[in-house]
Amino acid sequence: MTALLEVRDLVVEYPAAAARAVDGVSFDIERGETFALVGESGSGKTSLGRAILRLVAPAAGRVHFDGADVLALTGDALRQFRRRAQVVFQDPKASLDPRMRVGDIVREGIDIHALLQRPSGDLRVAHLLEEVGLSASDASRFPHEFSGGERQRIAIARALAVEPEFLVLDEAVSALDVLVRQQVLDLLAELQARRALTYLFIAHDLAVVERIATRVAVMHQGRIVECAPTHQLFSAPASPAAQALLAAIPRIPW
Amino acid sequence: MTALLSVERLHIGSGGRSAPILDDVSFAVSDGETVGVLGASGSGKTSLALSLLGLLPQSLETRGRVVFDGYNMLERAAGARRNLRGRRISMVFQEPLTALNPRQRVGAQVAEVARAHGERDAQKAMRGAVDMLHRAGLTDAGTRALRYPHELSGGERQRVLLAMALLLDPALLVADEPTSALDVTVQAQVLQLLRTLQRERGMAMLLVSHDLGVIATTCSRTMVLHDGRVVEDTATPQLLAAPEHPQARALVDAVRPAGRGA
């Protein structure tokens, strides 16, 4: 079986910056796994996530998704990729249009990709809202009427609306308090099992990824300095960057 | 042991339309004691912290007493309260960028605390500010003191806030989610700094957080706040071992490693 996503020697540069944001990164993500990318602020994790989705253009390297060269995609093929690979951002306050009703936010992707006509589209939206733990009647409300955790559920419903296979979760639970965070992580695990989703889970906090990730890659100054199965990284971190992230987790004296 | 701070039946209404923000909250903090306030979003933690310094809007209906240094913070004249704030009781906020003046160099902002409390010698105030920034772990404090807030990282800005709060050696520091906006590695450094400064000075500390990890590694006692009420107030090891209230249990279980049953 080939990997769903293959990244090779990827480089991201920003004109004003002295150093490369992403400096020659390679890894594979297998179908159905949760691949975590962790590192401090400025280590390049968000740039890497965006380059994979072609939200920023890499300066060099290759990205293959389901065998296709993502950086060479155009037209219909690119649109198909944009449907199959979705993203959930950290701050749902900023990523949801405050002037759109929740139902319209969730169904926008369905319309853009012309997946369903109006009545069945509405039904899909109702089902999606229920699937993420909201109610169908929430479709007529606005984002500001929801709590942070609920807004993140809306963002997840929006991402799922176009039946993606791959989700980039960029600090998707970092802004939530611990109880809500746990609920959203549980929801993500449940959706992954039901829909056979593959996750790229980006976080600065190693503690968050321990329960959800199958493998963890540690980024430092634009490079992946360590990549290991989750239990192995937690029990025997090899790189100084991974050791520092582990040491930073408050050690509760149970 | 005398109580440094004593909160008695504090009630803060929200205008009658919904449940009160704080409902019959009572507790005391002794000299040098470290107390955590643990609660989910919306539990009333920040309102509690603000009320201790008399920083809540006057328009809110408030009953009860907040006695600090023998005076009721809710009743004292604004001038007298200002005299206590910064000198005897200080606060550090979650978001250091919004808590700092974007148009003033950080050293001057720290020095202003001394000036506001009667230091007439501007140069002496600035020297004290740089020294405190250094002790708050800001590297190259002399140069950094001349920077504006936006030129510093989040962790550095939080060190500036700490320097402002601790400059006049307060008896009580109220820290509201002081590390929630920071990277985990920076959070660990700032928490370590807080613990060190607290111990060195024998200062009492009220640490507000939704994160049990932050509180359990810093505070000897923990109060759990839920819907504006204190539902549990106990020694931290006791809370970790046997949380009683369902909300306390939920907050503990959310971070408890698998296989460590209560």
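My aim in this report is to walk through the structure given alongside it, one point at a time.

Rules used in this analysis
Residues numbered from 1 in each chain as written. Chains lettered and ligands numbered in written order. Predicted model: local features only at pLDDT ≥ 70, side-chain atom pairs only at ≥ 80, totals over all residues. Heavy atoms only, no water. Helix = DSSP H or I, 4+ residues; strand = E, 2+ residues; numbered from the N terminus. Salt bridge = Lys/Arg side-chain N within 4 Å of Asp/Glu carboxyl O. Buried < 20%, exposed > 50% of the residue type's maximum accessible area, 1.4 Å probe, protein only. Phe/Tyr/Trp six-rings, centres within 6.5 Å; stacked < 30°, edge-to-face > 60°. Lys NZ or Arg CZ within 6 Å of the ring centre and 35° of its normal. Pairing = 2+ DSSP bridges. Axes fitted to C-alpha atoms, helices over the stretch in contact; angles between N-to-C directions. Contact = heavy atoms within 4.5 Å. Buried area = accessible area lost by both parts, 1.4 Å probe. Polar contact = N/O pair within 3.5 Å; in protein donor to acceptor, adjacent residues only side chain to side chain.

Quick look at unusual backbone geometry now. Notably, D66(A) is not glycine yet its phi reads approximately 50°, a positive angle. Locating D66(A) in the fold gives a position in the loop between β4 (60-65) and β5 (68-69). Here the phi dihedral of R9(B) falls at roughly 45°; this positive angle occurs in a residue that is not glycine. Looking at the element boundaries, R9(B) is found in strand β1 (residues 3-12).

Moving on, we get to the pattern of salt bridges. Within the structure shown, the criterion is met by 31 salt bridges over all chains. Notably, a salt bridge pairs E163(A) with R124(A), separated by 3.7 Å at the nearest N-O pair. Residue E163(A) is located in the loop between α6 (148-160) and β7 (166-170), and its partner R124(A) is located in helix α5 (residues 118-131); the two are separated by 39 residues in the primary sequence. Notably, a salt bridge pairs D69(B) with R88(B), separated by 2.7 Å at the nearest N-O pair. Taken together, the positions of D69(B) in the loop between β4 (62-68) and β5 (71-72) and R88(B) in the loop between α2 (78-84) and β6 (89-92) put the pair 19 residues apart, joining distant regions of the chain. According to the relative accessible area criterion, D69(B) is partly exposed, its value standing at 29%. A relative accessible area of 25% places R88(B) in the partly exposed class.

This paragraph deals with the packing of aromatic side chains. All names here are of chain A. The tally for this structure, following the rule as stated, stands at three aromatic pairs over all chains. Ring geometry for F65 and F81: centres 5.3 Å apart, planes at 75°, overall edge-to-face. Within this pair, whereas F65 is found in strand β4, its partner F81 is found in helix α2 (residues 75-84), the two being separated by 16 residues in sequence. There is no split in this pair, since F65 and F81 are both buried. Summarising the aromatic geometry, the rings of F65 and F166 are spaced 5.9 Å apart at their centres and angled 50° between planes, so their arrangement reads as tilted. Taken as a pair, F65 in strand β4 and F166 in strand β7 lie far apart in primary sequence, 101 residues in all. Owing to a relative accessible area of 3%, F65 belongs among the buried residues under this scheme. Among the aromatic residues, ring-to-ring pairing joins F65, F81 and F166 into one connected group. Here the guanidinium or amino end of R141 rests over the ring plane of F146, the centre of that ring lying 4.4 Å away.

So, about the sheet that holds β6(B). Residues and elements named next belong to chain B. Ordered in space as β6-β7-β8-β3-β9-β10, the six strands form an open sheet in which the pairing is mixed. Both outer strands of the open sheet, β6 and β10 (229-235), are each paired with one neighbouring strand and no more. Sheet twist, expressed as the mean angle between neighbouring strand axes with direction ignored, is 15°. Pairing of strand β3 (residues 34-38) with strand β9 (residues 221-226) involves four bridges; the strand directions are parallel. Following the sheet pairing, V35 is matched in β9 by R221.

With that settled, the discussion passes to the interface of chain B and chain A. Contact with chain B, which involves 25 residues of that partner, is made by 18 residues of chain A. Around 1,900 Å² of area is buried between chain B and chain A when both sides are counted, 66% of it from carbon and sulfur atoms. Considering only the surface of chain B that becomes buried against chain A, D183(B), V184(B) and T185(B) emerge as the three largest contributors, covering 30% of it. Inspection of the chain B/chain A interface yields zero salt bridges. For the pair chain B and chain A, the interface holds five residue pairs in polar contact (both at pLDDT 80 or more). For the side of chain B that touches chain A, the elements supplying multiple residues, two or more each, are α8 (184-201), α9 (212-216) and α11 (246-253) of chain B.

Residues and elements named next belong to chain A. Spatially, the six strands line up as an open sheet ordered β6-β7-β8-β3-β9-β10, and their pairing is mixed. The sheet is open, and its two edges are formed by β6 (85-88) and β10 (223-229), each paired on a single side. Put simply, the sheet's adjacent strands are angled 20° from each other on average, direction ignored. Of the pairings in the sheet, the one linking β7 to strand β8 (residues 198-203) comprises five bridges and is parallel in character. Within the sheet, the bridge partner assigned to V168 lies in β8 and is L200. Taken strand by strand, helix α1 (residues 45-52) contacts β3 (34-38), β7, β8 and β9 (215-220), and its axis lies near 150° from that of β8.

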